[in-house]
Amino acid sequence: MKALRDILAFLVGDPQADRVVPPTGFTAQLTLFSAAAMAFLASFALALSTSTGRLADRWSSELAQSLTVRISAPEDQLAIQTQAAMGVLQTTPGIQSARALSIEEQAALLAPWFGSSVPIENLPIPQLIDVIEDGSALNVASLRLRLQAEAPGAIVDDHARWRQPLIRAAGRLRGLSWLSLLLITGTMAAMITLAANAALSANRQVIEVLRQVGAVDSYIAQAFVRRFTLRALSGAAIGAICGMIAIALLPSTNAVGGFLTDLGFRGAGWLVPASIPFLAAVVAFVATRLAALRTLRTMA
Amino acid sequence: MIELDKIAYSYGGGELLSDISLTLQPGSFHFLTGPSGAGKTTFLKLIYGELLATAGQVRISGMDTRAMTRDQIARVRRHIGVVPQQTQFLDHLRVADNIALPLMVSGRDGGGAQTDLDQLLGWVGLTSQKEQFPPQLSGGERQRAALARAVIMSPDVILADEPTGNIDWEMSQRILKLLVELNKMGKTVMIATHDLALIRAAKSQVQARVLRITGRRLQLAGADL
């Protein structure tokens, strides 16, 4: 509660104290623009991080719980081996359900490549069986051996071959977006420090007068710190709002396109980019305070 | 009370002031004189803590300035009014706000501060200029504004560095009269000046001690003044 009161007191400020530092138009615009640009970029980095995280989670959870059995056999053997494989699958511990895909479902899977008018029933395509695990440990190696014995044309695909690199890639992408966020935060801190140093140098005479009349360092620093914090807060708010609008206007998840159309936030996830201005304000507060106190010490 | 105990000040390898001892008793009046470059401004800066002695001690109310933190020195300055040689103001603030600046930075700008400010403006004769900005003031008005700013916190000690440096004789007399009035109110006053006519004029109004910096040392000035 006290912290909240302190924050409010800081934001409301001391109007008299604020007046002692003259307005600095160019530095103010520069800080505002930098904060807005950084917040805009940060909202995209966050969107990328959130989306890749979501994708990796989905790939991990959905595909890890399923596997596919593919039966490639001569036409007269296909139904017999499918039947045999189904028998094995239904008696294997760890499997919740096994379902042979109908010819229509297989046609739908192939439609993106062959089109919907190709009579696939005339093609020698393998039979697919969709297997859902029940969550208990399924021994895939043992299943492979049993299927090999009962249905020699059966091949078990537990998706590991392509799922693992995708999950790894999604993880790396998420790591990179966090790194980008860190770099954005660091760059913003550096820019605000430079702007604060420029403002402090430009106001050297003001500082000398204030010291002469008995102002303590924290009083002088506060006039600069509050100004830069509020500039960063308002600039970042503009940037974050623009970024959120741009992300919201991206094509929806329903459209065909997978990951690219899934870039964005969902539900309470929008609170994450909404917090960027506050993070920017904290960065500006710390950066300006450190810069101001350091500069004031050198002015002794 | 301010005590200087065998202080020295060196800068850039050279010693500017050496082996100076002095006690500023409450309510005393001092002139500090000497040729240009003798170290009068440096001496005043050592007293109010803008510079720190390289040897010896400057004690303000018994505390060595070299042992004080930056914030302690800043707070001490609230009890020492300084009229610098080059008067500096915040040009974006009105004259009244500039004079009230010490109150503002010490958080005493509430209550009867406005009444005190109005009285002070009247005392230094700047009532009609209070809404103006510092660049609009003449040399004499700037000196009076600086004096008003130096005394608004009702300090115990007032240090004035060449307060009549760039103003005419009539205005010099007016500034001197204000400083003498402050001394009669019990304030310790020290004026650094090379204007001997001003010192002679003051001697008829106040019992002043005249000190001279010469050859890096402080001496009591002779009867030629």
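Residue numbers restart at each chain and count upward from 1, following the sequence in its written direction. All chains are assigned letters beginning with A, and all ligands numbers beginning with 1, in the order in which they are written. Local features in this predicted model are restricted to residues whose pLDDT is 70 or higher, and side-chain atom pairs enter the listing and the counts only when it is 80 or higher, whereas totals over whole chains, interfaces and linings include all residues. Side-chain measures were taken over the full set of non-hydrogen atoms in the model, leaving aside hydrogen atoms and water.

(A) Up close: the sheet that holds strand 1 (residues 2-11) of chain B. All names here are of chain B. Taken together, four strands build an open sheet; the order of strands is 2-1-4-5 and the sheet is antiparallel. Edge positions in the sheet fall to strand 2 (14-24) and strand 5 (63-64), since each has one partner strand and no second. For strand 1 and strand 2, the ladder comprises seven bridges, and the chain directions are antiparallel. Considered in strand 2, the bridge of Y11 is made with G14. Any two residues whose heavy atoms approach within 4.5 Å are treated as being in contact. Axis definition: a line fitted to C-alpha atoms, over the contacting stretch in the case of helices. Angles run 0 to 180 degrees between N-to-C directions. In this description a helix means any DSSP run of H or I spanning at least four residues, a strand means any run of E spanning at least two, and both kinds are numbered starting from the N terminus. Here helix 1 (residues 40-47) sits on the sheet in contact with strand 1, strand 2 and strand 4 (55-60), set at roughly 55 degrees to strand 2. The rule for pairing is simple: two strands pair if DSSP sees at least two bridges between them.

(B) Seen up close, the domain arrangement of chain A. Where each domain begins and ends follows an automated or database-derived domain assignment. We note that the domain assignment places domain 1 (2-60 + 167-298) and domain 2 (73-152) within chain A. Summarising the inter-unit geometry, the C-alpha centres of domain 1 of chain A and domain 2 of chain A are found 54 Å apart.

(C) Structural context of the sheet that holds strand 9 (residues 209-214) of chain B. Residues and elements named next belong to chain B. Pairing is mixed across the open sheet formed by six strands, whose spatial order is 6-7-8-3-9-10. Because the sheet does not close on itself, it has two edges, and the strands there are strand 6 (80-83) and strand 10 (217-220). If you compare each strand with its neighbour and ignore which way they point, the axes differ by 20 degrees on average. Sheet topology note: the strand 9/strand 10 ladder contains four bridges and is antiparallel. When the sheet's bridge partners are listed, L211 is paired in strand 10 with L220.

(D) Structural context of the environment of M153 of chain B. Residue and element names in this part refer to chain B. Turning to its location among the elements, M153 is positioned in the loop between helix 6 (139-151) and strand 7 (157-161). Between the C-alpha atoms of M153 and H79, which are 74 residues apart in sequence, the distance is 7.2 Å. Apart from residues no more than four positions distant in its own chain, M153 is found in contact with R78, P102, L103, S106 and R108.

(E) Representation of the side chain of E162 of chain B in the model. Residues and elements named next belong to chain B. On the secondary structure map, E162 appears in the loop between strand 7 and helix 7 (169-184). Side chain to side chain, E162 and H194 meet in a polar contact 2.8 Å long. E162 has contacts with K40, Q85, Q143, A192, T193 and H194, leaving out every residue within four places of it along the chain. Think of a polar contact as two N or O atoms within 3.5 Å of one another; within protein, one of them needs to be a possible hydrogen donor and the other a possible acceptor, and neighboring residues in sequence only count if both atoms come from side chains.

(F) Representation of the packing of aromatic side chains. Planes of paired rings set the category: under 30 degrees apart is stacked, over 60 is edge-to-face and the rest tilted, where pairs are Phe, Tyr or Trp rings (Trp by its six-membered ring) whose centres lie within 6.5 Å. Within the structure shown, the criterion is met by three aromatic pairs over all chains. In this scheme, Lys NZ or Arg CZ marks a charge over a ring once it lies within 6 Å of the ring centre and within 35 degrees of the ring normal. Geometry around F228 of chain A places R231 of chain A over its ring, the cationic atom sitting 4.9 Å from the centre.

(G) View of the interface of chain B and chain A. At the interface, 20 residues of chain B touch 21 residues of chain A. Here, a salt bridge means any side-chain nitrogen of Lys or Arg that lies within 4 Å of a carboxyl oxygen of Asp or Glu. Counting across the interface, chain B meets chain A through two salt bridges. As a salt-bridge pair, D217 of chain A and R70 of chain B come within 2.6 Å of each other at their nearest N and O atoms. Between chain B and chain A we count nine residue pairs in polar contact (both at pLDDT 80 or more) in total. Among the secondary structure elements, those contributing two or more residues to the side of chain B that touches chain A are helix 2 (70-77) and helix 4 (101-105) of chain B.

(H) Region of interest: the pattern of salt bridges. Applying the stated rule across the entire model yields 14 salt bridges over all chains. Where D217 of chain A meets R211 of chain A, a salt bridge forms, and the shortest distance between an N and an O atom there is 3.1 Å. Across the pair, exposure class does not vary: D217 of chain A and R211 of chain A are buried alike. Across the salt bridge formed by D97 of chain B and R94 of chain B, the nearest N and O atoms sit 3.1 Å from each other. Judged by its relative accessible area of 8%, D97 of chain B falls in the buried class. For R94 of chain B, a relative accessible area of 25% gives the class partly exposed. Through salt bridges with shared partners, a single ionic network connects R19 of chain A together with R94, D97 and E131 of chain B. Throughout this description, buried means an accessible area under 20% of the type-specific maximum (1.4 Å probe, protein chains only), exposed means over 50%, and partly exposed covers the range between.

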